[in-house]
Amino acid sequence: MTGSRALNRLTALKVRSLTKPGRFGDGGGLWLQVRDEQRRSWLFRYVWHASARNMGLGTVSDVTLAEAREAALAARKLLRDGIDPLARREAERAARAAEAGVPTFRQATAIYIGAHEKRWANAKHRYQWRATLEQYAFPEIGDRRVSEVDSDAVLRLLQPIWHDKHETASRLRGRIELVLDYAKARRWRTGDNPAAWRANLKPLLATPKKAVQHHPALAWREIGAFMAAVRSEEGAAARALEFTILTAARTGETLGACWPEIDLANAVWIVPAERMKRRREHRVPLSAAALALLRGMAAVRADADGYVFAGLRKGKSLSNMAMSMLLRRMGRAELTVHGFRSTFRDWTAETTAYPREVAEMA
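Figured I'd write up the structure that's included with this text. Quick caveat, the model's predicted, so the values are computed rather than measured. (Residues numbered from 1 in each chain as written. Predicted model: local features only at pLDDT ≥ 70, side-chain atom pairs only at ≥ 80, totals over all residues. Heavy atoms only, no water.)

Moving on, we get to the overall build of the chain. Counting its secondary structure elements, the chain contains 15 helices and 7 strands. The C-alpha atoms of the chain give 34 Å as radius of gyration, which overshoots the globular expectation for 362 residues (21 Å, by more than 25%). Across its three principal directions, the C-alpha atoms of the chain cover 100 × 50 × 35 Å. A fraction of 53% describes how many contacts in the chain between residues 6 or more apart in sequence connect residues 24 or more apart. (Helix = DSSP H or I, 4+ residues; strand = E, 2+ residues; numbered from the N terminus. Rg over C-alpha atoms; globule rule 2.2 N^0.38 Å. Contact = heavy atoms within 4.5 Å.)

Reading across the sheet, the 4 strands line up as S1-S2-S3-S4 and stay open at both edges, with antiparallel pairing between neighbours. In this open sheet, the two strands that pair with only one neighbour each are strand S1 (22-27) and strand S4 (51-59). The average undirected angle you get between the axes of adjacent strands in this sheet is 30°. Two elements, strand S2 (residues 30-34) and strand S3 (residues 40-48), share 5 bridges in a ladder whose sense is antiparallel. Bridge pairing links Leu32 to Trp42 in S3. Each of S1, S2, S3 and S4 is contacted by helix H2 (residues 65-80), which is oriented at about 15° to S3, the strand it contacts most. (Pairing = 2+ DSSP bridges. Axes fitted to C-alpha atoms, helices over the stretch in contact; angles between N-to-C directions.)

With that settled, consider the pairing of S2. Buried residues dominate S2, accounting for 5 of its 5 residues. Where burial is concerned, the two faces of S2 agree: the one with Leu30, Leu32 and Val34 and the one with Trp31 and Gln33 are both buried. As paired strands, S1 and S2 are joined by 5 bridges and run antiparallel to one another. Following the sheet pairing, Arg23 is matched in S2 by Gln33. Taken together, S1 and the strand that follows it, S2, pair antiparallel across an intervening segment of 2 residues, in which Gly28 is found at a positive phi of about 65°. Taking the residues that link successive antiparallel strands as the turn, the S2-S3 hairpin has 5 residues. (Buried < 20%, exposed > 50% of the residue type's maximum accessible area, 1.4 Å probe, protein only.)

The next thing to look at is the sheet that holds strand S7 (residues 282-285). Taken in spatial order, the 3 strands of this open sheet run S5-S6-S7, and their pairing is antiparallel. Across the chains shown, the open sheet's two edge strands, defined by having one partner strand only, are strand S5 (262-263) and S7. The sheet contact formed by S5 and strand S6 (residues 268-271) spans 2 bridges and is antiparallel. Bridge pairing links Ile262 to Trp269 in S6.

Packing of helix H4 (residues 105-116) against helix H7 (residues 166-185) leaves a shortest axis separation of 10 Å and a crossing angle of 90°. Considering the angle they form, H4 stands roughly perpendicular to H7. Contact with H4, carried on its side by Phe105, Ala108, Thr109, Ile111, Tyr112, Ala115 and His116, involves Ile176, Leu178, Val179, Leu180 and Tyr182 of H7 and no other residues of that element. Per-class residue counts for the contact of H4 with H7 are 10 nonpolar, 2 polar and no charged. (Parallel < 35°, antiparallel > 145°, perpendicular 65-115°, else oblique. Nonpolar A, V, L, I, M, F, W, Y, C, P; charged D, E, K, R; others polar.)

This part is about the layout of surface pockets. Size it by volume and the largest pocket reaches roughly 730 Å³. Secondary structure elements with two or more residues in the lining of the largest pocket: S7, helix H14 (339-351) and helix H15 (356-361). Broken down by element, the lining of the largest pocket gets its largest block of residues, 4 residues, from H14. Looking at the lining of the largest pocket residue by residue, the class counts come to 9 nonpolar, 5 polar and 10 charged. Around the second largest pocket sit 22 residues that line it, and Ile245, Leu246, Ala248, Phe344 and Trp347 are the ones nearest its centre. Those elements that provide at least two residues to the lining of the second largest pocket are helix H9 (223-231), helix H10 (236-247), S7, H14 and H15. Among the residues making up the lining of the second largest pocket, the classes are represented as 15 nonpolar, 5 polar and 2 charged. (1 Å grid on protein atoms, 1.4 Å probe; cavity = no way out; pocket = protein on both sides within 12 Å on 5 of 7 lines; lining within 4 Å. Points joined across faces, edges and corners; volume = space filled by probe spheres on them.)

Positionally, Arg239 belongs in helix H10. Residue classification places Arg239 among the buried positions, given a relative accessible area of 16%. The contacts of Arg239, once residues within four sequence positions are left out, are Val230, Arg231, Glu233, Glu234, Leu293, Met297 and Phe309.

Right, let's get into the nonpolar core. Residues Phe226, Leu241, Trp269, Leu286, Phe309 and Phe340 are the most contacted members of the largest nonpolar core, which totals 37 residues. Those elements that place two or more of their residues in this core are H9, H10, S6, helix H12 (288-298) and helix H13 (322-329). Contact partners of Leu286, with chain neighbours within four places excluded, come to Phe243, Thr247, Ile262, Ala267, Val268, Trp269, Leu291 and Leu294. Grouped together as the second largest cluster of nonpolar side chains are 35 residues, Tyr112, Tyr136, Ala153 and Val179 included. (Core = buried A, V, L, I, M, F, W, Y, C linked by side-chain atoms within 4.5 Å.)

Below, the discussion takes up the packing of aromatic side chains. Taken as a whole and assessed by the stated rule, the structure comprises 10 aromatic pairs. A ring pair is formed by Tyr112 and Trp129, whose centres lie 5.2 Å apart and whose planes are at 25°; its orientation type is stacked. Remark: Trp129 occurs in helix H5 (residues 123-141) and Tyr112 occurs in helix H4; sequence separation between them is 17 residues. Residue class for Trp129 comes out buried when judged on its relative accessible area of 3%. Between Phe243 and Trp269, the aromatic rings sit 5.0 Å apart at their centres with planes inclined by 55°, giving tilted as the arrangement. In this pair, Phe243 sits in helix H10 while Trp269 sits in strand S6, placing the two residues 26 residues apart along the sequence. As far as burial versus exposure is concerned, Phe243 and Trp269 are alike and both buried. The rings of Tyr112, Trp129, Tyr182 and Trp188 are connected pair by pair, giving a single aromatic cluster. (Phe/Tyr/Trp six-rings, centres within 6.5 Å; stacked < 30°, edge-to-face > 60°.)

This is the structure we're talking about:
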């Protein structure tokens, strides 16, 4: 962004006459910066991701007002396309420097970004791509010749953030790898890529364990009162939630339950392997409460081979959100349907003597 001030506010005559220190705007982000009578230069000022940036366009003695306006117009066009003018100019300078020899990693990064940023439609992505390397990589390897960047250097900059900021570190590693791959393609370096994961860094950096996300669960001592509240609710969603709790089933297993899977005579629900997470048939013994619920559902079923908990649309089950929405209507939005499996496990652990393996299988 450069503001919406009127353009061409200065004239060539006025530029020659301005010698008092200060900044004098021409509009569109172009400024005449006067330090004293001898030191006068052109400046393009703009905002890039909430930060003010100043781009020098040359001295008044070398660049005319018309030329400064052309340069400012070119910069505004880059901004319109989501490109940082300063970063673009740095890339062009780095490319020229590279022609004389092997560039530094900083220069190679600028060249890589200049070559690829047009494919990056998201301006925020462009900004973050460079900002991540500026913050973490440049202090360690920015001024090294790209041919001299090795595994030790990459490891040193990754290790301090690998566990605490793993997502950032992972993106950083990937970006370094791309810059070094580009450098190899340009014949600025040879050999393996020291930032490659499988070929180099995987044996040196342990993959952090993902934090276990526990589903909010109801304390097992409260389940009796809660079940009484569920039974007072009308509708298929309430019956599905009640059945899910009674059988310690997953949401998908309950919603996909069809009448041919239910054996009321032998009090068992046989879930076929293709509907189970582990792809093995699962046989669920049905308690008296579960049987009573199913018999009530059977009395009003419209299709003998259809879903036990049918939705409003013919041939469809309830939606995945039906039971969650019920919890919200009951004022228990802090709970999740999956969390009742944890409630069941807590109950078996604290009140029964069944082996852990049996409880897990149930």
